[in-house]
Amino acid sequence: MASNRLPPDAGARPTPGMILERLARGATRAARITHTEHLPPRIGSHAAWPERIRPEVIDAIRSAGIDRPWAHQARTSEHALRGESVVVATGTASGKSLAYLAPVLSTLLDGSEAPNGRGATALYLAPTKALAADQRRAVRELAAPLGTAVRPAVYDGDTPVEEREWVRQYANYVLTNPDMLHRGILPSHPRWSSFLRALRYVVIDECHTYRGVFGSHVAQVVRRLRRICARYGSEPVFLLASATAAEPARAATRLIGLPVTEITEDTSPRGELVFALWEPPLTELHGEQGAPVRRTATAESADLLTDLAVQGVRTVTFVRSRRGAELIALIAQERLAEVDRSLPGRIAAYRGGYLPEERRALERALHNGDLLGLAATTALELGVDVSGLDAVVIAGYPGTRASLWQQAGRAGRSGQGALAVLVARDDPLDTYLVHHPEALFDQPVESTVLDPDNPYVLAPHLCAAASELPLTDVDFPLFGPASAGLMPQLEAAGLLRRRATAWHWTRRERAADLTDIRGQGGSPVQVVEAGTGRLLGTVDAAAAHTTVHDGAVHLHQGRTYVVQRLDLEDDVALVEEASPPYSTTARDTTAIAILETDTEIPWGDARLCFGSVEVTNQVVSFLRRKLITGEVLGETKLDLPPRTLRTRAVWWTVTEDQLDAARVNPQQLGGALHAAEHASIGMLPLFATCDRWDIGGVSVPLHPDTLLPTVFVYDGHPGGAGFAERAFHTAADWLTATRDAIASCECEAGCPSCIQSPKCGNGNDPLHKRGAIRLLAELLRGAPGEAGTPEEAPQGG
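Anyway, here's the lowdown on the structure attached to this text. Quick caveat: nothing in here was measured; it's all calculated off a predicted structure.

Procedures and definitions
Residues numbered from 1 in each chain as written. Predicted model: local features only at pLDDT ≥ 70, side-chain atom pairs only at ≥ 80, totals over all residues. Heavy atoms only, no water. Helix = DSSP H or I, 4+ residues; strand = E, 2+ residues; numbered from the N terminus. Rg over C-alpha atoms; globule rule 2.2 N^0.38 Å. Buried < 20%, exposed > 50% of the residue type's maximum accessible area, 1.4 Å probe, protein only. Areas by Shrake-Rupley, 256 points an atom, 1.4 Å probe, with all protein chains shown as cover. Lys, Arg positive; Asp, Glu negative; His and termini not counted. Charge placed at Lys NZ, Arg CZ, Asp CG, Glu CD. Pairing = 2+ DSSP bridges. Axes fitted to C-alpha atoms, helices over the stretch in contact; angles between N-to-C directions. Contact = heavy atoms within 4.5 Å. Parallel < 35°, antiparallel > 145°, perpendicular 65-115°, else oblique. Left-handed = near helix turned anticlockwise from the far one by under 90°. Nonpolar A, V, L, I, M, F, W, Y, C, P; charged D, E, K, R; others polar. 1 Å grid on protein atoms, 1.4 Å probe; cavity = no way out; pocket = protein on both sides within 12 Å on 5 of 7 lines; lining within 4 Å. Points joined across faces, edges and corners; volume = space filled by probe spheres on them. Phe/Tyr/Trp six-rings, centres within 6.5 Å; stacked < 30°, edge-to-face > 60°. Expected span 1.5 Å × (residues − 1). Bend = angle between axes of the 7 residues up to and from the residue.

Moving on, we come to the overall build of the protein chain. A count of helical and extended segments in the protein chain gives 26 helices and 29 strands. In terms of overall dimensions, the protein chain is globule-like: its C-alpha atoms have a radius of gyration of 26 Å, near the 28 Å expected for 797 residues. Structurally, the protein chain occupies a C-alpha span of about 85 × 70 × 60 Å along its principal axes. The proportion of buried residues among the 797 residues of the protein chain is 60%. Element-wise, carbon and sulfur atoms account for 49% of the exposed surface of the protein chain, whose accessible area totals about 30800 Å². For the protein chain, the distance from the average site of its 80 positive side-chain charges to the average site of its 95 negative ones is 5 Å.

This is the structure:
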């Protein structure tokens, strides 16, 4: 929980400008900074607590060193006490936790004095286990003066079986995650009846993370919770907390299905933030098709983490991948050992897939200052209180401006100044951003995109709801307009059976097991050490083919392993410890078929379309790349089964006349389309709340369904996630930015900074940079002012 006071040693820290100046010493280092943004400090604005907040709670808050709330905290509490659902969407470390905890604790205290029953209860939902554990620690400290009136407890997959019954019977502030609510609490609601009957508040923390398919699933889980609560006679108020987001009330309303009031004015103080954009230098190496190669963001970020640790600057380096987090920590440890043998032990990696005890130990070490530097995935991005950090290094644009500011806000959390450094990857979007800082600093954060009516999401939740309580016509408005139409299909599939006026779940298996709300596509794959049988961790099912295939290099806790065998039947990857001088990257092939065209808009002779597609993907080989430099050493074939995906896509076609006008001949066509596809995927995160790993693409010189040259960009989740639909609505701006990004790159024939893709299944061949520029220019010549109007385009989620 963020404090409203400054630490006593805040003035003793080096300023952000001083830290950056030391990092940039030397002519070559200084040239890597393309832009520096200075955000001045901000003075806070106080208010009084609402009168209905219990004086004991106000005293407890004062005991924690907070005399008065910020104005946005007081306003949030007032709405909550009036029984109005509210979302507080203010900056990192603005005290959002206290904004909802004050009314929750006050209500729990009221309930503890009730003559009968267990009194009021509250439920807290966090997207990660780490955040729930961190919040329990904060609540315990804050509520300590209130005695046993507030009984917080974490209930998740790590909670020991012997503790679970106590939580159900006695805890009145239960902290969990949407996964446990979906699989554990709602299917067992009779055992939670006394808790649910008394439920007054549901807190949904970091609600901006509930986007795309995951957000759509959580929206349906919340509707199931509301239905069960109504069964027990309760109607909880929802209190949501979000990082700064566009239209937070609209997104929150879509998430919970109820009207929500928004609080967006941040009245907390903020220390100075110095934000540097950093582009690694070109190397003498050459990559695929002879393209020039920049030094990797991984190597560059490891250097920065090392230098910051030597300065004694407490730092978190955010990394896009689990392997990247491990690699940066390993490189920094090795380099620090040459400087001071006491320093390597103060650097660690943190990522998903670790065992619970490993995660808890790292969180404690970071919280108490034993760790000086951490290389972390977004598993640590959300809300965990790591106050005392001086700097954040972000290894590659995290996909959205909301995530960028969330990560940057991890430093300076107690009001002191902070440094944030975005290190660009050799990637079209990253390169564009470090040379167009206005796209980061002069633009609002993105809107949250989710679609609870996605039938691939809705159908399994209707089954889960029917298993909890038989479904009737009265329930359909709660689950959305598409729910009634799905019932005959679910009945025909033998999943539900109608008896009298209700639908029942009649199968033996648990209905909640029909879907994984994280959209991971099946059971996680266990990573097991072959020689000992020791479980190292897990990998999401959807990522298994590309990350733990036979021969893949797997990093865990600073140790390197090579996968001996991926057993898809038993969901196990057997690994052996090794030290290969390379990393591995999977290659795949993709084919796409159009199932249905929802909307088609003429762009001159070209056509812009949106609809449903089926994508067939197969991992066929992997590359071995030199560590640090990324140089390709060789390719090995793989024999893995294909996977099919029914999803949503945006696509565009061009005619022979347009190709002639763009001076793109048949020999150049495949490369021009392929280059435009890569670059457009790379640029879409500027216009939709996604990153390039959420989406895929295919380009075909003559597609069998359109009989024309066609480029597809599709959502990488069953049923779609709203990203392709957003691309359709912003197509003119999106494709204009794509053309400009390719044209402004200084390379001659194409490179990772413009048209090469890190996940291309064809080895980035063929590509034609100049042809792509001419082709996109010709396409855009026929574009209307906006890609569609409300009347002719489907409404987005």
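The discussion continues.
Moving on, we get to the sheet that holds strand β20 (residues 535–539). Read from one edge to the other, the open sheet built from five strands follows the order β20-β19-β23-β22-β21, with strand pairing classed as mixed. The open sheet terminates on both sides in strands that have one partner only, identified here as β20 and β21 (553–556). Going from strand to strand, the sheet's axes swing by 35° on average, the running direction of each strand aside. Lying over the sheet, helix α13 (residues 322–337) contacts β20 and β21, oriented at roughly 65° with respect to β21.

Where helix α25 (residues 731–744) contacts helix α26 (residues 769–781), the axes come no closer than 9 Å and their chain directions differ by 150°. When the axes of α25 and α26 are compared, the pair comes out roughly antiparallel. Of the two possible hands of crossing, α25 and α26 adopt the one that is left-handed. Facing α25, whose interface residues are A732, L735, T736, T738, R739, I742 and A743, α26 presents K769, A772, I773, L776, A777, L779 and L780. Partitioned by chemical class, the residues of the contact of α25 with α26 number 10 nonpolar, two polar and two charged.

Inspection of every chain in the model, using the stated rule, returns three cavities of 30 Å³ or more. There is about 90 Å³ of room inside the second largest cavity. Along the walls of the second largest cavity sit V87, C207, H208, Y210, S242, A245, P248, A251, A252, L255, T448 and L450, which together make up its complete lining. A total of four residues in the lining of the second largest cavity trace back to one element, the largest contributor, which is helix α11 (residues 248–256). Its residues placed into classes, the lining of the second largest cavity shows nine nonpolar, three polar and no charged.

Right, let's talk about the packing of helix α23 (residues 666–683) against α25 for a bit. As a packed pair, α23 and α25 sit with axes 9 Å apart at the nearest point and diverge in direction by 110°. One finds that α23 runs roughly perpendicular with respect to α25. In the packing of α23 onto α25, the handedness of the crossing is right-handed. Between α23 and α25, the contacting residues are A675, A676, A679, S680 and M683 on the first element and W734, L735, A737, T738, A741 and I742 on the second. Of the residues contributing to the contact of α23 with α25, the split by class is nine nonpolar, two polar and no charged.

In this section: the packing of aromatic side chains. Scanning the entire structure with this criterion turns up 12 aromatic pairs. The interplanar angle of 40° and the centroid separation of 6.4 Å between the aromatic rings of Y100 and Y124 together place this pair among those described as tilted. With Y100 in helix α5 (residues 96–112) and Y124 in strand β3 (residues 121–125), this residue pair connects regions lying 24 residues apart in the sequence. Measuring from ring centre to ring centre gives 6.4 Å for Y124 and Y173, while their planes differ by 50°; the resulting arrangement is tilted.

On to the pairing of strand β29 (residues 710–715). The buried fraction of β29 amounts to six of the six residues, a majority that puts the element mostly inside the structure. The two faces of β29 match: T710, F712 and Y714 on one face and V711, V713 and D715 on the other face are all buried. As paired strands, strand β27 (residues 643–653) and β29 are joined by five bridges and run antiparallel to one another. Note on β29: the bridge partner recorded for W652 is V711. The pairing of strand β28 (residues 695–700) with β29 spans six bridges and is classified as antiparallel.

Here the focus is the environment of P14. On the secondary structure map, P14 appears in the segment before α1 (16–23). By relative accessible area, P14 is classed as partly exposed at 28%. Note: C-alpha distance between P14 and G233 (219 residues apart in sequence) is 56 Å. Apart from the residues lying within four places of it in its own chain, the contact partners of P14 are I19 and R22.

This part takes up α5. Turn by turn, an α-helix covers 3.6 residues, leaving residues three or four places apart pointing in a common direction. The end-to-end C-alpha distance of α5 is 25 Å, a good match for the 24 Å that 17 residues give at a rise of 1.5 Å each. Its maximal kink placed at A102, α5 deviates by approximately 25°, while the proline P103 follows within four residues.

These figures come from the coordinates and say nothing about function on their own.
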